[in-house]
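The residues making up each chain are set out below.
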Amino acid sequence: MSQLRYRATRRADNGEWQAPGGVLEMGETIPDGVRREVLEETGLIVEPLALTGVYKNMTRGVVALVFRCKATGGQLITNDEVTAFRWASESEIRNMVTEAFAVRILDALHEGAPAIRHHDGVSLM
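Bear in mind that the values here come from a model prediction, so they are computed numbers and not experimental data.

**Examining helix α1 (residues 30–42)**
An α-helical turn contains 3.6 residues, so a residue and the one three or four places further along point in the same direction. Taking 1.5 Å of rise per residue, the 13 residues of α1 would be expected to cover 18 Å, and the 18 Å separating its terminal C-alpha atoms lies within 8% of that figure. Glycine 43 occupies a position one or two residues after α1 and carries a positive phi of about 85°.

**Describing a nonpolar patch on the surface**
Taken together, the side chains of Leu24, Ile30, Leu51, Val63 and Leu65 present a nonpolar region at the surface, about 390 Å² in accessible area. Tracing the chain through its elements places leucine 51 in strand β3 (residues 44–57).

**Considerations on the environment of threonine 72**
Looking at where threonine 72 falls in the secondary structure, it is placed in strand β4 (residues 62–74). Beyond its immediate chain neighbours, meaning those up to four positions away, threonine 72 contacts Ile45, Val46 and Glu47.

**Brief notes about the pattern of salt bridges**
Under the counting rule described, the total for this entry stands at 10 salt bridges. Ionic pairing is found between arginine 35 and glutamate 47, a salt bridge with its closest N-O pair at 2.9 Å. Residue arginine 35 is located in helix α1, and its partner glutamate 47 is located in strand β3; the two are separated by 12 residues in the primary sequence. When its relative accessible area of 34% is taken as the criterion, glutamate 47 is described as partly exposed. A salt bridge links glutamate 92 to arginine 86, with the nearest nitrogen and oxygen atoms 3.5 Å apart. Assessed through its relative accessible area of 26%, glutamate 92 is described here as partly exposed.

Procedures and definitions
Residues numbered from 1 in each chain as written. Predicted model: local features only at pLDDT ≥ 70, side-chain atom pairs only at ≥ 80, totals over all residues. Heavy atoms only, no water. Helix = DSSP H or I, 4+ residues; strand = E, 2+ residues; numbered from the N terminus. Expected span 1.5 Å × (residues − 1). Patch = residues over 30% accessible without salt bridge, like charges linked within 9 Å, V, L, I, M, F, W, Y side chains within 5 Å. Areas by Shrake-Rupley, 256 points an atom, 1.4 Å probe, with all protein chains shown as cover. Salt bridge = Lys/Arg side-chain N within 4 Å of Asp/Glu carboxyl O. Contact = heavy atoms within 4.5 Å. Buried < 20%, exposed > 50% of the residue type's maximum accessible area, 1.4 Å probe, protein only.

If you want it as structure tokens, here you go:
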């Protein structure tokens, strides 16, 4: 049985490994926003397949929706927002990403109902 692996991105602003993401623009649908953010940060064209989690930063009041996506085109390219890409296993994700962001990736790797979680920006609550 093969081990699930995830491609993580290293943010340019703080050097942390995370999933691509961002803020929706006014009038933009959620699927269109997912496609735009992933394209901007990775160079990949994706199709959102499933909502895998809803995460609220209780300190900042920010709610994030996370989707499992399928790459349909494009090519990975670093840019002003992302300085590197890396394939990582579940155990590697747990070691290289803060808990509040690692759980988003780990939840997306598994089928099932979307997770609903709360955190303080670093740790789950």
